[in-house]
Amino acid sequence: MPVLASAGGDTFAVLPALVLVPAVGALLVAVLPRRRPELLKLVAVATSMVVAGMSAWLLVAFDVGRGADMQFVFRQTWIADLGVQWLLAVDGISLFLVALTGVLFPIALLAVDPGHDDRAYFAWMLLLEAGVMGVFCALDLMLFFLCFEVVLVPMYFLIGRWGHADRAYAATKFFLFTMAGSALMLVGILALAFLHADATGGGLTFDLVELAEAQSLGTATARWVFLSFALAFAVKVPIFPLHTWLPDAHTEASTAGSVILAGVLLKLGTYGFLRFGLYLFPEASHHFAPVFLTLGLVGIIYGAVVATMQHDLKRLVAYSSVAHLGFIVLGTFALNTEGIEGGLLQMVNHGVSTAALFLLVGMIYERRHTRQIDELGGLQKAAPVMAAMFTVVMLSSIGLPGLNGFVGEFLVLVGTFNAHRWLAVAATGGVILAALYLLWAYQRVFHGPADGGNAEMRDLNLREGLVMAPLLALIVAMGIYPKPVIERMEPAVDALVAHVEAHVDGFHESTSRFGADIAVDSGEGHDADAGVGHDSDGVGDDH
Amino acid sequence: MVDLVWLIPAFPLAGFLILTFGGRRLGEPGAGWLATGAMAGSFLATVGVFLEMSGRDGHDRRSVTTLFEWVPAGDLTVDVGFLADPLSLTMCLFITGVGALIHLYSIGYMHGDGGFRRFFAYLNLFAFAMLMLVLGDNLLITFLGWEGVGACSYLLISFWFTDEANASAGKKAFITNRIGDWGFMVAIFMTFSTFGSIAYVDVLDTTATGTVATSTATFIAVMLFVGAIGKSAQFPLYLWLPDAMAGPTPVSALIHAATMVTSGIYLLTRVNPIIADAADWVPTLIAWTGAGTALFAATIAVAQRDIKKVLAYSTISQLGYMFLAVGCGAYVAAVFHMVTHAFFKALLFLGSGSVIHGMDGDQDMAHYGGLRRLMPITAGTFVIGWLAIAGVPPFAGFWSKDEILAFAWNENPLLWLVGLVTAVLTAFYMTRLVILTFFGRRRYADPRPDEVEAAWASATAAADAAVAAASAAVDAATADAEARGDDLTALEAVVAARDAHEQAVAARDGILAAAGARPEVEAIALEGAPDVGPVVDGLPEAVSSRADHHPHESPWTMVLPLVVLAALSVLGGLVQLPFAASTRRLEHWLEPTLFGNEVHLSLQGGTLWVLAVVAVAGGAVGILVAVLAYLKRRVDYRVFERPILAEAWRLDRRVADFMGGPGRVGFEATANFDSSVVDGAVNGVATMVRSEAGLLRRFHNGLVRTYAAGIGVGAVGLVVWFLSRTSF
Amino acid sequence: MVVTTSWYLALAAVLFSMGAVGLLVRRNPLIMIMCVELMLNAVNLTFVSLGSDLGDLGGQLSVFFVLVVAASEVVVGLAVIVAIMRRRQGATADDLSVLRG
């Protein structure tokens, strides 16, 4: 059970700093003169670098041994009468999402120049970073909701002012859709807090850990409240059929907007399911798991099929995000360690590789001023370095072992297989489709003869190469050696699964046990179907 | 030394890294030599490990070297580790050995290509992945190598990517492989679910000493089989291999003949305890799939004109033999054939590459012929390869194929029959290939059917033009004569013009008649050069330039590997001679990895001799018929080269039609569903809100009196309501 | 049939509702003012009849107040309306529709 220990950097309150520094940076940028875009960019990049540095420090200072505990806790009362606090902490689950945010924002800021209204752009970006950090670190429900909604506003402007042709429609759609989904979540939060206060007779509190450990809602009530939360997260993830805001938002946003949207914002939903869905409502999660598993499977297949038929390269990548996030949802609701870890790992992996993909597509757009696949072709001849990078990122997205995408995908499928066999068998078919649409797109864009503008396209310059390098390095490194990431996640995930097991009658984590199906000594193999593994008296060594 | 087994894949990996990040300075032959050196280093390391391992006792010949922990998640712990045992070392020996030779060959073959460095980088990366596949100590490392070779295959097939067909072939290969990978992944999940581990040591030992539930073992075995047929191009996942010939020939030799395609058989051999515990129909399925594919592919190879396509279908066919062996429980025979096949198929592919190189990229055998004096070493080594694959004793192929046929007879005589027919066809089409390429008359200078057509067409056009000109001349002369009255010279000119016109018409009629009566140009002109008759001068430039340019022998970097491989094809049979227990070296060597699952041949020596003689006789028949058809020209070769065979039973076209037709329609329908229905619902909500708002807007007409009326009515209503609720 | 106080009250109610409806329905400002006068006078009638009925002089006093207010209101209002209607022919109350949705 997660313990709110004040650990690690006992002197330096790093988490509030992670939230406040970008906010202050945004303010600073807002007051700087408008006519000095280089200065504005410098301040913005510097701020995000400071945040990146702090999140790197967080990674290092994180105590692996106590990964299940909430570390770096910061607690400050905010609205005493309502029990709302500034409560920030990280554990194994949120640690890497914080790090991902810290890494992606400087890259997004460095890679792309807004072109106009620089001051507002940088201010919004930094404000967005502050909001996202708040979401990942918040352990108070009101604070979480506040930050969850706050991130919508900068994103709306980022899409609406610096996007492409249809940006107004896309931005409005994104904002309204997401907000409509999360409107009910507020009701759910209040219901949870008030009902808890009634049940315990104590004061009103929005502290996540307290609420989750107390489990004071009745089963039916908990299910309704869970649904209200789930709706908000389902729109954010996005889960089929609430996904249609995503292609428009991704396609019409500028490159940096797409990078942040795909790399970070989508994870708010999946993180929400883990931290708030499973933790607060274990029984409801277990009850509704089949629904979400099915929807995840549908997302995997459907997203891939629709992606295949897209003519716009960016839209294709957007639909591929739907497919990838389907895997994450699948892993989350497998409700076992491997599945959830796979889902978490995929959150980070997807963030890195899709960000890289959007950056590359943005580079192509910047040179060729088109995203239509029909107008591109034969680019590998003109830009071999870009083609090589695209190949690596594409193979990561396809899930080639040795690159980061594979480990997460594999764990998700292993976990799902242990829990729901045939779902996993069907979901594995998604890997075929992933290869189909990505390779076909790559062939149409990079292979073949080059003509006209395609033949004269220039290759990557130094800045672009420097921006892509850390992402590529992460892709390879996390594929070869994911162990440090996994071992930091594992205690927290184990604790979460144990929490679900404890609060759901008759539910045991489905995993494999050595010897479940084997009769070692005699030759009488019982012809029982290899059932979903249950705790058997392990024969032989437990490996 | 065994602890240094990680050196084996490390060398090619280092080669890849150096070539990718620092190779620009190496330039042309340097990059190739570096890559070849890496492979040679890998081979030496393999030999070192092999020598040490063979010095050990039989039961001791297994060593697991773990490098680091890869995925420790929950109950699943996967290490990056290497399992050095007889099976993996056998694979490594021929992968690194043949691989090194092919690297050396490529230095000559890829000379002058703009992507020289990139080619060798990919080739080294492929070698790394392949070695990881065979050396991995658990299913996931094998899968890493499995997908890695798939990716490298994709990169190398589409190496000359500016040609759309090459790019498409690469994509097709990857996706077809992926279908097999689906099966492999599901098998890994089931294995983990059952055993709690996916390390070979755990899984195989447990299965071998205990008993796994039949249904579980069947499931795992079938799923691994699905993976295997994807990678080893068996029916129905074979469609990618012929297209993969679009890649450079060394790629075809290394990947699509000797190494990658054998991964499936390696995998099935590795998990033989699981197959043993599976239901009885599983090995039967494997055997019949192999036999069926072998026959199927052999029928297609008979009618192919592209030399590489013949070899591609031949590879599919030989892989079918290996699957047949696995299905009959003859794992040793399968590995044996894998090794000999690596030798002679690589030899054949490299030889064909040498021929293609000498013929400046032409792959159509109709244009070959009589090359043996122009490329003697290539021809000589190729002949050895031919004899090996045709199953002529004492070359390597005979011993391995014969062993498989013996086990097939042991299992089911029908399987043996299919194998025999395939062997006959194999001998036939390989002899056909050799004759068409190296023997007979030289056809490279012949005009080709389309060129002849063009010549006749231009001649006819010229004749028509001449007639038109002549009639124009007649008209001019007649007009001139009329203008000048009865001038004698003018009249004579008219007569002359008329004569000329008649001559032109006669000439044209002559040409038309000749064109109508001319014999059809043969596809393969075995008898003699096509008689073009009067239009000889109309033939395009290309014909004469071809006549001047003679095919030539290849440089030593290409020829040396051919010689080495030829020697191996001769001597390769020595590892497993069936005469006595002591000569069955391969069997003894592989024994610890087979857990006693090798089927015991219950045939007597006499039966074996009869089977061998029948097989050799069958091969002789095949060779004889091909000689009669193509060399002696006593039989019309068109009897064998049916169009449906040339079109590979039209299956590929049906699949392509389906994917482009109903497949595409289905996908498009889904995409349209998304944009119109799902998104339409969202937009529909917005539209609905807007229209509702439009309705409600009517209340706001801006007139104070309406508002006042509303207030009045509301006030009255409130009063009434309150009054009605109070009792007076 | 004796005419009682309630008759007067009923008449006043009828007059008042006619005035109210007329105010809400008619658009011409002059008519609207006339309706307002009608309402005021109906109220006057109510005051007088009830004052008489209850014997309270307060009823008649109120009438004076109402009459004074009505008169002054008419003076000012009518003057404004007439001034506007001279400026713009055919001006109606419906012209004030800026609050339209």
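About the cut-offs
- Note on numbering: residues in each chain are counted from 1, in written sequence order.
- Lettering of chains starts at A and numbering of ligands starts at 1, both following the order in which they are written.
- With pLDDT at 70 or above as the cut-off, local features in this predicted model cover only qualifying residues; side-chain atom pairs require 80 or more to be listed or tallied, and sums for whole chains, interfaces and linings still use all residues.
- Think of the side-chain values as coming from all heavy atoms in the structure, minus any hydrogens and water.
- Elements are defined by DSSP. Helices are runs of H or I of four residues or more, strands are runs of E of two residues or more, and each kind is numbered from the N terminus.
- The atom set for the radius of gyration is the C-alpha atoms, and the globule formula is 2.2 Å times the number of residues raised to the power 0.38.
- Burial classes follow relative accessibility: with a 1.4 Å probe on protein chains only, a residue under 20% of its type's maximum area counts as buried, one over 50% as exposed, and anything between as partly exposed.
- Contact between two residues is taken to exist if any of their heavy atoms lie within 4.5 Å; hydrogens are not considered.
- Buried area: the accessible area, evaluated with a 1.4 Å probe, that two parts lose upon being put together, summed over both parts.
- By convention in these notes, a salt bridge is any Lys or Arg side-chain nitrogen within 4 Å of a carboxyl oxygen on Asp or Glu.
- Here a polar contact means two N or O atoms within 3.5 Å. Within protein one must be a hydrogen donor candidate and the other an acceptor candidate, and residues neighboring in sequence count only if both atoms are side-chain atoms.
- Two strands qualify as a pair provided that DSSP identifies no fewer than 2 bridges between them.
- Each residue gets one of three labels, nonpolar for Ala, Val, Leu, Ile, Met, Phe, Trp, Tyr, Cys and Pro, charged for Asp, Glu, Lys and Arg, and polar for the others, Gly among them.
- Axes here mean lines fitted to C-alpha atoms, for a helix over just the part in contact, with angles spanning 0 to 180 degrees between N-to-C directions.
- Note on angle classes: values under 35 degrees are labelled roughly parallel, values over 145 roughly antiparallel, values of 65 to 115 roughly perpendicular, and the remainder oblique.
- Detection works on a 1 Å grid of protein atoms alone, calling trapped sets that fit a 1.4 Å probe cavities and calling open sets with protein on both sides within 12 Å along at least five of seven lines pockets, with lining residues defined by an atom within 4 Å of a point.
- Grid points are joined across faces, edges and corners, and a volume is the space filled by probe spheres set on the points.
- A residue's pLDDT is the predictor's confidence in that residue, given on a scale from 0 to 100.
- We define the nonpolar core as a collection of buried residues of types Ala, Val, Leu, Ile, Met, Phe, Trp, Tyr and Cys that are connected through side-chain atoms lying within 4.5 Å of one another.

## Thoughts on the overall build of chain B
Within chain B, the secondary structure is distributed over 27 helices and three strands. A compact globule built from 728 residues should have a C-alpha radius of gyration of about 27 Å, whereas chain B, at 36 Å, is more than 25% larger. Taking the principal axes of the C-alpha coordinates as reference, chain B spans close to 140 × 110 × 60 Å. Split into buried and exposed, the 728 residues of chain B put 56% on the buried side. Restricting the contact set of chain B to residue pairs at least 6 apart, pairs at least 24 apart contribute 81%.

## Here's the deal with the interface of chain A and chain B
Accessible area lost upon the coming together of the parts is a frequently used measure of interface size. Taken together, the contact pairs 81 residues of chain A with 62 residues of chain B. For the chain A and chain B pair, buried surface summed over both sides reaches about 6200 Å², with 68% attributable to carbon and sulfur atoms. At the boundary of chain A and chain B, one finds two salt bridges. A salt bridge links D679 of chain B to K173 of chain A, with the nearest nitrogen and oxygen atoms 2.6 Å apart. Across the chain A-chain B interface, the total number found is 17 residue pairs in polar contact (both at pLDDT 80 or more).

## Re the pairing of strand 2 (residues 76-84) of chain B
Residue and element names in this part refer to chain B. By the criterion of burial, strand 2 is predominantly enclosed, with seven of the nine residues buried. With nine bridges joining them, strand 1 (residues 63-73) and strand 2 adopt antiparallel strand pairing. By the bridge assignment for strand 2, F68 is matched with V80.

## A closer look at unusual backbone geometry
With omega at 0°, the peptide bond leading from V237 of chain A into P238 of chain A counts as cis. Within the secondary structure layout, P238 of chain A lies in the loop between helix 9 (219-236) and helix 10 (245-252). Here the bond from F235 of chain B into P236 of chain B is cis, since omega is 0°, no more than 30 degrees from zero. With respect to the helices and strands, the residue P236 of chain B is situated in the loop between helix 8 (214-231) and helix 9 (240-243). Positive phi values are uncommon outside glycine, yet R650 of chain B reaches one of about 55°. Among the secondary structure elements, R650 of chain B is positioned in the loop between helix 25 (643-646) and helix 26 (651-697).

## Observations regarding the side chain of T308 of chain A
By the element assignment, T308 of chain A lies in helix 12 (residues 282-308). T308 of chain A sits in the buried class, given a relative accessible area of 3%. When near neighbours in sequence (up to four residues on either side) are disregarded, T308 of chain A contacts L436, Y437, W440 and R444 of chain A together with F667 of chain B.

## Structural notes on the interface of chain C and chain B
Contacts between chain C and chain B engage nine residues on the former and nine residues on the latter. Of the roughly 810 Å² buried between chain C and chain B, counting both surfaces, carbon and sulfur atoms make up 55%. The largest per-residue losses of area from chain C upon contact with chain B belong to L24, D94 and G101 of chain C, which jointly make up 53% of the total buried on that side. At the junction of chain C and chain B, the tally comes to one salt bridge. The residue D94 of chain C makes a salt bridge to R705 of chain B at a minimum N-O spacing of 2.9 Å. Seen at the junction of chain C and chain B, the total is one residue pair in polar contact (both at pLDDT 80 or more). Taken together, the residues that form the side of chain C that touches chain B break down as four nonpolar, two polar and three charged.

## A look at the packing of helix 1 (residues 7-22) of chain B against helix 2 (residues 27-54) of chain B
All names here are of chain B. Packing of helix 1 against helix 2 brings their axes to within 7 Å, and their N-to-C directions diverge by 170°. Classified by the interaxial angle, the pair formed by helix 1 and helix 2 is roughly antiparallel. Contacts from L7, I8, F11, P12, G15, I18 and L19 in helix 1 reach A31, L34, A35, A38, M39, G41, S42, A45, T46 and V49 in helix 2. Its residues assigned to classes, the contact of helix 1 with helix 2 comprises 13 nonpolar, four polar and no charged.

## Section: the layout of surface pockets
Taken as a whole, the second largest pocket holds about 930 Å³ of empty space. Along the wall of the second largest pocket there are 29 residues; nearest its centre are L436 of chain A together with K171, K172, I175 and M659 of chain B. Of all the elements in the fold, those that place two or more residues in the lining of the second largest pocket are helix 18 (421-446) of chain A together with helix 6 (164-195) and helix 26 of chain B. By residue class, the composition of the lining of the second largest pocket is 17 nonpolar, six polar and six charged.

## Let's talk about the confidence of the model for chain C
For chain C, mean pLDDT is 91; residues scoring 70 or higher make up 100% of the total. Our summary of model confidence lists the complex with pTM equal to 0.87 and ipTM equal to 0.89.

## What to know about the pairing of strand 2 (residues 84-90) of chain A
Note on strand geometry: in a regular strand, side chains alternate between the two faces of the sheet. All names here are of chain A. Along strand 2, six of the seven residues are buried, which leaves the element largely enclosed by surrounding structure. Two elements, strand 1 (residues 71-79) and strand 2, share six bridges in a ladder whose sense is antiparallel. Among the inter-strand pairings, Q76 is bridged to a residue of strand 2, identified as W86. Joining the antiparallel neighbours strand 1 and strand 2 is a turn of four residues, in which G83 adopts a positive phi near 75°.

## Some thoughts on the nonpolar core
Grouped together as the largest cluster of nonpolar side chains are 429 residues, with contacts concentrated most on L141, F229, L280 and F281 of chain A together with W70 of chain B. Excluding its chain neighbours within four sequence positions, the residues that come into contact with L280 of chain A are L141, L192, L208, L211, A212, Q215, F229 and R275 of chain A. Of all hydrophobic cores here, the second largest spans six residues; its members include V474, A481, A490 and A497 of chain B.

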